[in-house]
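Residues per chain, in single letters:
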Amino acid sequence: MTITTTEGPAPARTRTRPPRSSGARGQGLRTLGLYALAVLVGLGIWQLVAMKYGPSLVASPSQTLSAAGELASDGTLTNSVIASSRRILIGWGLGVVVGAPIGLLIGQIRIVRQLLEPYIEFFRFIPPVAFVTLAVVWLGIGESSKVVLIFYTAVFIVTLNTSAGVMAVNENKLRAAASLGASRRQILQRIVLPSTVPYILTGARLAMGNSFLTIVSAEIVASQVGLGSLIWTSRNYGRIDWVFVGIITLGILGLVYDRILRLIAMRVLHKYGAKV
């Protein structure tokens, strides 16, 4: 006797892939965890150094936090942050607005490059701190002297990065556009400017970092309010914990402003290849 069995088709096996959102979320949590670990390690090293050298030389994290609360309670820290932020953003913004067009002109027009290059190469090697006294004498102890010093810091960095981006544009693209009848303005708008945006963004970020270096020296010499003034006044009173508050606040502000700039660039300039 023969027994026959009939089997149906084997059920298809389907692989379920995890949604991309979960993978991105896991990557974000991992990055956040690494950031938190790095901060904890830094705080631990800071605490050990403070324990070794004592509060007269190095304020501990708890002492710095207490001093920050003390300065925030009477408005000193808030006023200093607002004053320094205003000066940095105005001077840096003017440097970007002026430096980017000058860099485009230098990169595209040879005669403009030959006329301006000697001045740019000369002044960019003179640090802004060398002009602090002259800025105070010429512009007074008000806001103008600080803003001008930060503008001086930013404009050359943005100009050089922008001109480098223009001169890095592929020559074949320019020739192809010209052979197709594109005008100089169309070449600038469609080819040169999109290719130069990443360089302008890099120059803007570098200029922001250098602006924070300049604001301290500018406020130390001629300012009654600001983070630089806070650090200098704290030093005169022997308050090392206040000095640490000013230094850490500068670092946090720089981190926040750079992050904001990167987020704006990712949303607005991503079509130009701006990667941050």
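Each remark here, short or long, concerns the structure printed above.
For the structure given in this document, a descriptive report is provided here. If you're wondering where the values come from, they're calculated on a predicted model, not measured in any experiment.

## Here we look at the packing of aromatic side chains
For any pair of aromatic rings, geometry is given as the distance between the ring centres together with the angle between the planes.
Part 1 of the argument: Evaluated as defined, the whole model comprises five aromatic pairs.
Part 2 of the argument: Their ring planes at 65° and their centres at 5.1 Å tell us that F131 and Y152 sit as a pair that is edge-to-face. Placement of the pair is F131 in the loop between α4 (110-123) and α5 (132-139) and Y152 in helix α6 (residues 143-167), with a sequence separation of 21 residues.
Part 3 of the argument: What makes F131 partly exposed here is its relative accessible area of 21%.
Part 4 of the argument: Classification of Y152 by relative accessible area gives buried; the value is 15%.
Part 5 of the argument: Taking the centre distance of 5.3 Å and the plane angle of 85° together, the rings of Y152 and F156 count as edge-to-face. Of the two residues, Y152 and F156 are both situated in helix α6; the distance of four residues between them amounts to about one turn of the helix. For the pair shown, Y152 and F156 are each scored as buried.

## Side note on helix α8 (residues 184-221)
Part 1 of the argument: When the terminal C-alpha atoms of α8 are compared, their 47 Å separation across 38 residues is substantially less than the 56 Å that a helix rising 1.5 Å per residue should span.
Part 2 of the argument: Along α8, the sharpest change in direction is near 45° and occurs at L193; proline P194 comes one to four residues later.

## Things to note about the side chain of S229
Part 1 of the argument: Relative to the helices and strands, S229 is located in helix α9 (residues 227-236).
Part 2 of the argument: Judged by relative accessible area, which is 7%, S229 ranks as buried.
Part 3 of the argument: With residues up to four places along the chain from it excluded, the contact list for S229 reads E219, S223 and Q224.

Parameters and conventions
- Residues numbered from 1 in each chain as written.
- Predicted model: local features only at pLDDT ≥ 70, side-chain atom pairs only at ≥ 80, totals over all residues.
- Heavy atoms only, no water.
- Phe/Tyr/Trp six-rings, centres within 6.5 Å; stacked < 30°, edge-to-face > 60°.
- Helix = DSSP H or I, 4+ residues; strand = E, 2+ residues; numbered from the N terminus.
- Buried < 20%, exposed > 50% of the residue type's maximum accessible area, 1.4 Å probe, protein only.
- Expected span 1.5 Å × (residues − 1).
- Bend = angle between axes of the 7 residues up to and from the residue.
- Contact = heavy atoms within 4.5 Å.

Structural measurements only, silent on function.
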